[in-house]
Amino acid sequence: MLQVENLAKTYPTGQQALKGCSLTLDKSQVVAMIGPSGAGKSTFIRCINRLVEPTAGRVVLDGTDVTALSGDQMAKMRRHMGMIFQEYNLVERLTVMENVLSGRLGFVSFWQALFRRFPQQDVARAFELLERVGLSGYENNRADALSGGQRQRVGIARALIQEPKILLVDEPTSSLDPKTARTILGLISDLSHERGLPVLLNIHDVGLALMFAERVLGLSEGEVVFDGPPRGVDEAILTRIYGEADWRQTIRHAGEEADERRDRRAGANGDSHDGAEQSDIDERLKWEAARR
Amino acid sequence: MTTPATGADGAAATTRTWRKPPMIRNRWLRWLIVVLGAAYIVYAVDDVNLDIDRMIRGIPKAIDMFGQMVPPDFSRWQLLLEGLLESLQMAIFSTAIGVVLSIPIAIGAARNVAPKPIYLLFRGYLGVVRTLPEVLIAIFFVKAFGFGAFAGMLTLTIASTGFVGKLLAEDIEDIDPGQVEAIRATGGGWPMVLLYGIQPQVLPRYVGLCIYRLDINLRESTILGIVGAGGIGATLYNSFGRYEYDFSFAILLSIIAVVLVAEWGSAAIRARIT
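Here the structure is a predicted model, which is why all the values come from computation and not from measurement.

Caption draft 1: Local environment of the sheet that holds strand β4 (residues 56-61) of chain A. Residue and element names in this part refer to chain A. On the basis of which strands lie adjacent, the open sheet formed by four strands has the order β2-β1-β4-β5 and antiparallel pairing. On the outer flanks of this sheet lie β2 (16-25) and β5 (64-65), each paired with one strand and no other. Examined bridge by bridge, β4 and β5 share two bridges and lie antiparallel to one another. Residue Val-60 lies in a different strand from β5, and its bridge partner there is Asp-65. In the packing of helix α1 (residues 41-48) onto the sheet, the strands contacted are β1 (2-10), β2 and β4, and the crossing angle to β1 comes to about 120 degrees.

The following block contains the structure:
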C-alpha cells in the first residue's frame, strides 16, 4: 500500500527534521507516530503528500512513486490522500457543506467549484458523511460557528469524501479537550475499520496513541527508533523515544483500555456508538483518578 | 498596604524600581535628536517667512470674499448639476473598473501567492502608482488625451488599482496558511486554492475596500476638474476665476453635501459587513 524509503528532510535553515525514515504500511490499520515535539512527526506526514518537499528518499503509494511526480500529477495524487489537521484548517467563512465538498475540489471543474455546482452524488455523499460524523443538520452552519470537536468532525468528513487510499492525520486532538479528543480518535479509528482505510496518525499523547493504535512508530530526532505493536511499548522504549520520565501510570491504564476497546468492537456494532462514548468518559475519569 | 513585621524590613531595604526602557537606548543620541528636531522647527518657521503683517492684512480681504459668497447662488443649477453628475459618473465608472483590475494586481503583489519575479513586477507597479498623487497623474492624462472626463476617469481608475491592489495584497499576505494547506491537501489545483483557500478569507475586506475607494473617488472627482480632467472641479475653478463667489459657494456646498453623503453611506455599509 504505502512504502516510505529513507525519507529525509533538511529545512533551508539547516535543521534536519528527518534523517532517513522508512515505513511499510501493507494493511488497513491505525499507525500512530509518537515522539516529542520536534521529532519530525509533522514533517514525516507532510512529506508523504508533499506539502513539504522531501530532500531525499522515496514515497510509493500503490506502486506509484509519489516523490517523482510533477506539480500537476502531484495535485492529482493528493486526491487519494486524505488529510486531517491539528487546527482543523477549515475554511472558516464557508458553510459546513462547502467545507465537506471542498474535499472534492480535485475532481470538479473550476466553474462547478465557483458556483458550488457539485455533482449530485458528491452532495449525497456529503450528507451521508455528515450524518456519520454526527453533524446532520449542520450543513448550513458557518465553520467558524462550530466548537473544536465539531470542526474536527467536519475535517474528517472533508478528508473522507475524497475516498482516499490513505488517511494522514496530523495531531488531530492537540486543540481539543481530553474527552473530545478521545471521541474524535475513536471516530477516526472506527472509520478506518469500517472502510478498510489505513491511517497514519501523528500524536504526542502516548496514552491516547496506545489506546487507539494497532501499530506504533516511535520517532526521535528525525529517526524511527521503534516500530511495533502497542503492547511492545514499554518503559525502556518510551525512554528511548522521549527520554527519562515516569511512564508506569500512562502505559498500564492505557493498555487495559485498549483491550476493552477491542473487545467492544468485536462484540457490538455501529449502533452502540453513543454508549461506547459514554463508557469512554467513565473510563477516562477512573484513569484520571488512578493517576492522582 | 501593611505588611507583617517579620521579614518586611529586609524587603523594604531592597525595593526594586522599574522603568520602561527608552526607545532609543543611547542617552546622547536621544538628546541629539530632540535638539536637532527643535532647531529644524525654528529654522523652518523662519524660512517660510511666517509674516504676521500679511496675515492681518489678508483678513479683511477674506471677510470681503465670504461676504460676496453669501447668499449662495443656485440660479445656474443646471450647470452645477451637470458638473456634479459628471463627477459622479467618473467616480462610479473608475471605481467599477479599478476594483476589478485590482484583483489580479493584488494576487500578483502578494508574496505568499505569487512567484518572486511577478511579485516584484506588481509591487513595482503599486509603488509607482502609490507615489504619484492623483492630481499629477491627471495632469499627465490631460496632456495625453485632452481635457475632459475621460482623463479624470483614467486617473481615478489607475489610482484605485494602486489603493485597493496594495491593501488587498497585504490582506492576502496575512491570511491563515492552514486553510490554504488544507485545500492543497485535497488535490485542488491553483485556481481551487484561490477560490476556496484565499477568496473566502479576504472577501469581506475586499468589499469594504471597494466601498471605501468609491467614497475616495467621489471626493477626488470633485477636485480633478481644476487641472482640466472633467467634473464639477472645472466649474468651481472657473467661477473663482470670474469672481462669481456666490456661485462658487453654491458649488462648494453641493460638493460638501455629496462627500458627506458618500462618507456616511460608506461608513454605514462597511460597519455592516466587517
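Caption draft 2: Looking closely at the interface of chain A and chain B. Each side of the interface is counted separately: chain A has 29 residues, and chain B has 18 residues. Roughly 2,000 Å² of surface becomes buried between chain A and chain B when both sides are summed, with 62% attributable to carbon and sulfur atoms. For the pair chain A and chain B, the interface holds one salt bridge. Residue Arg46(A) pairs with Glu181(B) through a salt bridge whose shortest N-O separation is 2.5 Å. Scanning the region where chain A abuts chain B turns up seven residue pairs in polar contact (both at pLDDT 80 or more). If you list the elements that add at least two residues to the side of chain A that touches chain B, you get α2 (71-78), β6 (81-84) and α4 (110-114) of chain A. Here the side of chain A that touches chain B gets three residues from one element, more than from any other, and that element is α4(A). Across the side of chain A that touches chain B, the residue classes break down as 14 nonpolar, seven polar and eight charged.

Caption draft 3: Representation of the packing of aromatic side chains within the structure. What the rule picks out here adds up to nine aromatic pairs over all chains. Between Trp111(A) and Phe115(A) the ring centres are 6.2 Å apart and the planes differ by 15 degrees, which places this aromatic pair in the stacked class. The exposure classification of Trp111(A) matches that of Phe115(A), with both residues exposed. Note on Tyr40(B) and Tyr43(B): the rings are 6.0 Å apart at their centroids and 45 degrees apart in plane angle, and the pair reads as tilted. Note that Tyr40(B) and Tyr43(B) are positioned in helix α2 (residues 27-47) at a spacing of three residues, about one turn of the helix. On the accessibility criterion, Tyr40(B) (54% relative accessible area) is exposed. One aromatic cluster is present, formed by Phe140(B), Phe141(B), Phe145(B) and Phe150(B) through successive ring pairs. The ring of Phe107(A) carries the charged tip of Arg79(A) above its face, separated from the ring centre by 4.6 Å. A cation sits over an aromatic face here: Arg104(A) above Phe107(A), 4.0 Å from the ring centre.

What counts and how
Residues numbered from 1 in each chain as written. Chains lettered and ligands numbered in written order. Predicted model: local features only at pLDDT ≥ 70, side-chain atom pairs only at ≥ 80, totals over all residues. Heavy atoms only, no water. Pairing = 2+ DSSP bridges. Helix = DSSP H or I, 4+ residues; strand = E, 2+ residues; numbered from the N terminus. Contact = heavy atoms within 4.5 Å. Axes fitted to C-alpha atoms, helices over the stretch in contact; angles between N-to-C directions. Buried area = accessible area lost by both parts, 1.4 Å probe. Salt bridge = Lys/Arg side-chain N within 4 Å of Asp/Glu carboxyl O. Polar contact = N/O pair within 3.5 Å; in protein donor to acceptor, adjacent residues only side chain to side chain. Nonpolar A, V, L, I, M, F, W, Y, C, P; charged D, E, K, R; others polar. Phe/Tyr/Trp six-rings, centres within 6.5 Å; stacked < 30°, edge-to-face > 60°. Buried < 20%, exposed > 50% of the residue type's maximum accessible area, 1.4 Å probe, protein only. Lys NZ or Arg CZ within 6 Å of the ring centre and 35° of its normal.

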